Amino acid sequence: MQLLLSADPSQAAIEAYIGKCELHQFRADNQLTGVLALLPTRPETMEIVNIAVAQDYQQQGLGTHMVRFAQQRAAQLGMKRLEVGTGSTSFAALALYQKCGLRMSWIDRDYFVDRYPEPLTENGIPLRDMVRLSCPIPCATLNE
Ligand SMILES: CC(C)(COP(=O)(O)OP(=O)(O)OC[C@H]1O[C@@H](n2cnc3c(N)ncnc32)[C@H](O)[C@@H]1OP(=O)(O)O)[C@@H](O)C(=O)NCCC(=O)NCCS
């Protein structure tokens, strides 16, 4: 739960979706290093609803590996699209997704204002809007 909360500050929201998800755990040195929650939303569409890497293991390529894993898993299940939503202030996540070939599709304005009881701030900026990104499955990376 602690790791899931680092990606989504609402425990109530996590509890509402986590039971419907495929939850993948990543481990190294006998430790939980990452969690990835995948949810089939619409027909042929898979969404990353939560992705988090433990602090000590960040910026070592695990997030990239997990998004790649999500793309492969979506393909395996016959999905045609992978989607994700992230805060407009979540710069690490925005870079990660775009490096993995996802592109911005739309902005859900005031998503965080309407759904979270307390005002949120990230990277010194009030967090209000959700950026939605997606890629076709199979998906090429930035370098392909
Ligand atoms: C977002 C997150 C999953 C990235 O995982 P990670 O293992 O650090 O990612 P990677 O090491 O594969 O990095 C991939 C790219 O993301 C970007 N990135 C990762 N961490 C970054 C940071 N702190 N600042 C800026 N860019 C960053 C870089 O562009 C990086 O590419 P590079 O290695 O070529 O520079 C991780 O930071 C995390 O768990 N954060 C807390 C939870 C969260 O915000 N989840 C996303 C919610 S939508």
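Residues numbered from 1 in each chain as written. Predicted model: local features only at pLDDT ≥ 70, side-chain atom pairs only at ≥ 80, totals over all residues. Heavy atoms only, no water.

Draft legend 1. Fine view of the pattern of salt bridges. If you walk through the whole model with that rule in mind, you get four salt bridges. For the salt bridge of R73 with E22, the shortest nitrogen-to-oxygen distance reads 2.7 Å. You can see R73 sitting in helix α3 (residues 62-76) and its partner E22 sitting in strand β1 (residues 22-28), a full 51 residues away along the chain. The closest approach of N and O atoms between R132 and E83, which form a salt bridge, is 3.4 Å. (Salt bridge = Lys/Arg side-chain N within 4 Å of Asp/Glu carboxyl O. Helix = DSSP H or I, 4+ residues; strand = E, 2+ residues; numbered from the N terminus.)

Draft legend 2. Highlighting the environment of E122. Structurally, the position occupied by E122 is in strand β6 (residues 120-122). Sequence separation of E122 and F91 is 31 residues, and the distance between their C-alpha atoms is 9.4 Å. Setting aside anything within four residues of it in sequence, one finds E122 in contact with T89, S90 and L127. Of note is the side chain of E122, whose polar atom sits 2.7 Å from the side chain of T89. (Contact = heavy atoms within 4.5 Å. Polar contact = N/O pair within 3.5 Å; in protein donor to acceptor, adjacent residues only side chain to side chain.)

Draft legend 3. Local environment of the sheet that holds β1. Strand order in the open sheet formed by six strands is β1-β2-β3-β4-β8-β5, with mixed pairing between adjacent strands. Each edge of the open sheet carries a strand with a single partner, namely β1 and β5 (103-108). Within this sheet the neighbouring strands show an average axis-to-axis angle of 25°, counted without direction. Relative to strand β8 (residues 130-136), β5 runs antiparallel, the two sharing five bridges. Counterpart to R103 in the pairing with β8 is S134. (Pairing = 2+ DSSP bridges. Axes fitted to C-alpha atoms, helices over the stretch in contact; angles between N-to-C directions.)

Draft legend 4. Structural view of the nonpolar core. Counting residues in hydrophobic clusters, the biggest one holds 37 residues, and the most contacted among them are L36, I48, Y97 and L102. Within the residue set of this core, elements represented by two or more residues are α1 (2-7), α2 (11-18), β2 (31-40), β3 (45-53), α3, β4 (81-87), α4 (91-99) and β8. Among the nonpolar cores identified, the runner-up in size contains five residues, and Y111, F112, L127 and M130 belong to it. (Core = buried A, V, L, I, M, F, W, Y, C linked by side-chain atoms within 4.5 Å. Buried < 20%, exposed > 50% of the residue type's maximum accessible area, 1.4 Å probe, protein only.)

Draft legend 5. Fine view of the site of the ligand. Residues in contact with the ligand amount to 20 residues; listed here are only the nearest, V53, Q59, G61, G63 and T64. Within the side chain of T64, one N or O atom sits 2.5 Å away from an oxygen atom of the ligand. Within the complex, 71% of the 910 Å² of free accessible area of the ligand lies under protein. When contributions to the shell around the ligand are tallied by element, the ones reaching two or more residues are α1, β3, α3, β4 and α4. (Near = heavy atom within 4 Å. Areas by Shrake-Rupley, 256 points an atom, 1.4 Å probe, with all protein chains shown as cover.)

Draft legend 6. Structural context of the UniProt feature "domain: N-acetyltransferase" (unreviewed entry) in the protein. The positions that UniProt labels "domain: N-acetyltransferase" (unreviewed entry) are, in the present scheme, residues 1-123. A helix fraction of 35% and a strand fraction of 34% characterise residues 1-123, whose end C-alpha atoms lie 22 Å from each other. (UniProt positions renumbered as here; feature names shortened; annotations may be inferred.)

Draft legend 7. Up close: unusual backbone geometry. Cis rather than trans, the peptide bond between I137 and P138 has omega equal to 0°. Checked against the element boundaries, P138 lands in the segment after β8. Positive phi, close to 60°, is recorded for Q59, a residue that is not glycine. With respect to the helices, strands and loops of the structure, Q59 is situated in the loop between β3 and α3. The phi torsion at N123 lies on the positive side, around 50°, for a residue other than glycine. Looking at the secondary structure, you find N123 in the loop between β6 and β7 (125-127).

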